[in-house]
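Spelled out, the chains give:
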Amino acid sequence: MNDSRRRIDARSLRALAHPLRMRLLEMLRLDGPSTGTHLAARVGESTGTVSWHLRHLAEHDFIEDVPERGTRRERWWRAVVDPRDLHTSEFRQDPEARGALDVYIHESFRQQGERLLQSFSDADEMGPEWVRARTVSDWSGVRLTAEQLADLNRRVVELVHEATRGPEQPGAATVVLQYQSFPRRPKDGTASADPSPTAEAEADPPSEPDEDPS
């Protein structure tokens, strides 16, 4: 991964690790700038509660106000375009940060699953070219060394950076890229045999070759 990127420290992690704050940040990242009133209506909370959480996110540089769109009565907010890496190993031995880490991880995985399910629910509203372009794949059971896994992850990140580098192309839309790779400790203490990769594509494959890190 790119070591030049800023890392989330324990203080920022504790500020972010709240289900409502994480949901508000996700909305601003995926849907663009919004007001506290509009976000409150979407999440079913009071404007005062949402505004308090938004200010908390802003204090830790996850979001910022949009002065050119704000008024004396209401502020507009947007996500800060400054990706920060979270290295979980840095917090596992820290009693004060471990609880926040657990909240963050569980909420992150919940959001990822929700995004994926929503994409299939929205299939009828997507154009056929987008339905053909998306995919959900599962290669669970492959056998790799730690070095091979690290190299694979590095190359995936490089591909994402290459695809998103440069000016936005005509017809571009917000795309959710979710990628996980992790070793599995066999429950019976033995190594898994017969690693057979499988891939799940669109339920109705198109005539031409056809998932969802925030």
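Values in this document were obtained by computation on a predicted structure and should not be read as measured data.

## Regarding the overall build of the protein chain
Per the secondary structure count, the protein chain includes seven helices and seven strands. Looking at the protein chain as a whole, 26% of its 214 residues qualify as buried. Put simply, the protein chain shows about 15,000 Å² of open surface, and 52% of that area lies on carbon and sulfur atoms.

## Here's the deal with the environment of Val136
By the element assignment, Val136 lies in strand S6 (residues 136-138). Remark: the alpha-carbon pair of Val136 and Leu116, spanning 20 residues in sequence, is separated by 8.7 Å.

## Side note on the pattern of salt bridges
Taken as a whole and judged by the stated rule, the model has eleven salt bridges. Close ionic contact of Asp151 with Arg154 constitutes a salt bridge, the shortest N to O distance being 2.4 Å. Of the two residues, Asp151 and Arg154 are both situated in helix H7 (residues 146-164); the distance of three residues between them amounts to about one turn of the helix. Owing to a relative accessible area of 29%, Asp151 belongs among the partly exposed residues under this scheme. Judged by relative accessible area, which is 34%, Arg154 ranks as partly exposed. Ionic pairing is found between Glu158 and Arg154, a salt bridge with its closest N-O pair at 2.9 Å. Of this pair, Glu158 and Arg154 both sit in helix H7, four residues apart, which is roughly one turn of that helix. Judged by its relative accessible area of 42%, Glu158 is partly exposed.

## Things to note about the packing of aromatic side chains
The final tally for this structure, using the stated rule, is zero aromatic pairs. Across the ring face of Trp76, the terminal group of Arg69 is positioned such that the distance to the ring centre comes to 3.8 Å. Between Arg134 and the ring centre of Phe120, over which it is positioned, the NZ or CZ distance is 4.1 Å.

## Considering the nonpolar core
Formed by 27 residues in total, the largest nonpolar core has its most connected members in Leu16, Leu24, Leu54 and Ile63. Tallying contributions element by element places helix H2 (residues 19-31) first for this core, with six residues. Sequence-distant contacts of Leu24, defined by excluding residues within four places in its chain, comprise Leu39, Val43, Val50, His53, Leu54 and Leu57.

## As for the confidence of the model for the protein chain
A residue-level look at the protein chain finds 85% of positions with pLDDT of 70 or above and a mean pLDDT of 83. Taken as a whole, residues 191-214 scores under 50 in pLDDT and shows 45 contacts with residues more than four places along the chain or in a different chain.

## Some remarks on the sheet that holds strand S3 (residues 63-65)
Sheets are built from strands that pair by backbone hydrogen bonding, the pairs being arranged parallel or antiparallel. One open sheet accounts for three strands, arranged S2-S4-S3; its pairing is antiparallel. This sheet does not close on itself; its edge strands, each paired only once, are strand S2 (34-35) and S3. Sheet analysis places S3 next to strand S4 (residues 76-79), joined by three bridges and oriented antiparallel. Paired with Asp65 across the two strands is Trp77, which belongs to S4. Across the sheet, H2 lies against S2, S3 and S4, angled at about 85° from S4, the strand it touches most.

## A few points about the pairing of S4
Side-chain positions along a regular strand alternate between the two faces of the sheet. A one-sided burial pattern is seen for S4, the buried positions being Trp77 and Ala79 and the unburied ones Trp76 and Arg78. Alignment of S2 against S4, held across two bridges, turns out to be antiparallel. Paired with Thr35 across the strands is Trp76, a residue of S4.

## Concerning helix H4 (residues 47-59)
Given a rise of 1.5 Å per residue, 13 residues ought to cover 18 Å, and the 18 Å separating the end C-alpha atoms of H4 matches this to within 8%. Val50, His53, Leu54, His56 and Leu57 are the residues of H4 that are buried. Taken around the axis of H4, the buried residues stretch over an arc of 155°, which confines them to a single face. Looking at the packing, one finds that the buried side of H4 touches helix H1 (10-16), H2, helix H3 (36-43), S3 and S4. One or two residues past the end of H4 sits Asp61, with phi positive at roughly 65°.

Definitions and cut-offs
- Residue indices begin from 1 for each chain and proceed along its sequence in written order.
- Totals for whole chains, interfaces and linings use all residues, but because this is a predicted model, local features are given only for residues with pLDDT of at least 70 and pairs of side-chain atoms are given and counted only at 80 or more.
- Computation of side-chain values covers all heavy atoms of the structure but excludes hydrogens and water.
- What counts as a helix is a DSSP run of H or I of at least four residues, what counts as a strand is a run of E of at least two, and both are numbered from the N terminus.
- Exposure is judged per residue with a 1.4 Å probe applied to protein chains only, and the accessible area is read against the type maximum: over 50% gives exposed, under 20% gives buried, and values in between give partly exposed.
- Shrake-Rupley sampling with a 1.4 Å probe provides the accessible areas, and residues are treated as covered by the protein chains on show and by no other component.
- Only one rule defines a salt bridge in this text: a Lys or Arg side-chain nitrogen within 4 Å of an Asp or Glu carboxyl oxygen.
- Here the aromatic set is Phe, Tyr and Trp, taking the six-membered ring for Trp, and pairing holds for ring centres within 6.5 Å; pairs whose planes are under 30 degrees apart are stacked, those over 60 apart are edge-to-face, and all others are tilted.
- Note on criteria: charge over ring means Lys NZ or Arg CZ within 6 Å of the ring centre, with the direction from the centre no more than 35 degrees off the ring normal.
- Residue types Ala, Val, Leu, Ile, Met, Phe, Trp, Tyr and Cys, when buried and joined through side-chain atoms within 4.5 Å, form a set referred to as a nonpolar core.
- We call two residues in contact when some of their heavy atoms are within 4.5 Å.
- Note on scores: pLDDT gives the predictor's confidence for each residue, bounded by 0 and 100.
- For two strands to count as paired, DSSP must find a minimum of two bridges between them.
- The angle between two axes is taken between their N-to-C directions and runs from 0 to 180 degrees, where each axis is a line fitted to C-alpha atoms and a helix contributes only its stretch in contact.
- In this analysis, the expected span of each helix is defined as 1.5 Å times one less than the number of residues it contains.
- Of all possible arcs, the one meant is that of the directions from the helix axis to the C-beta atoms.

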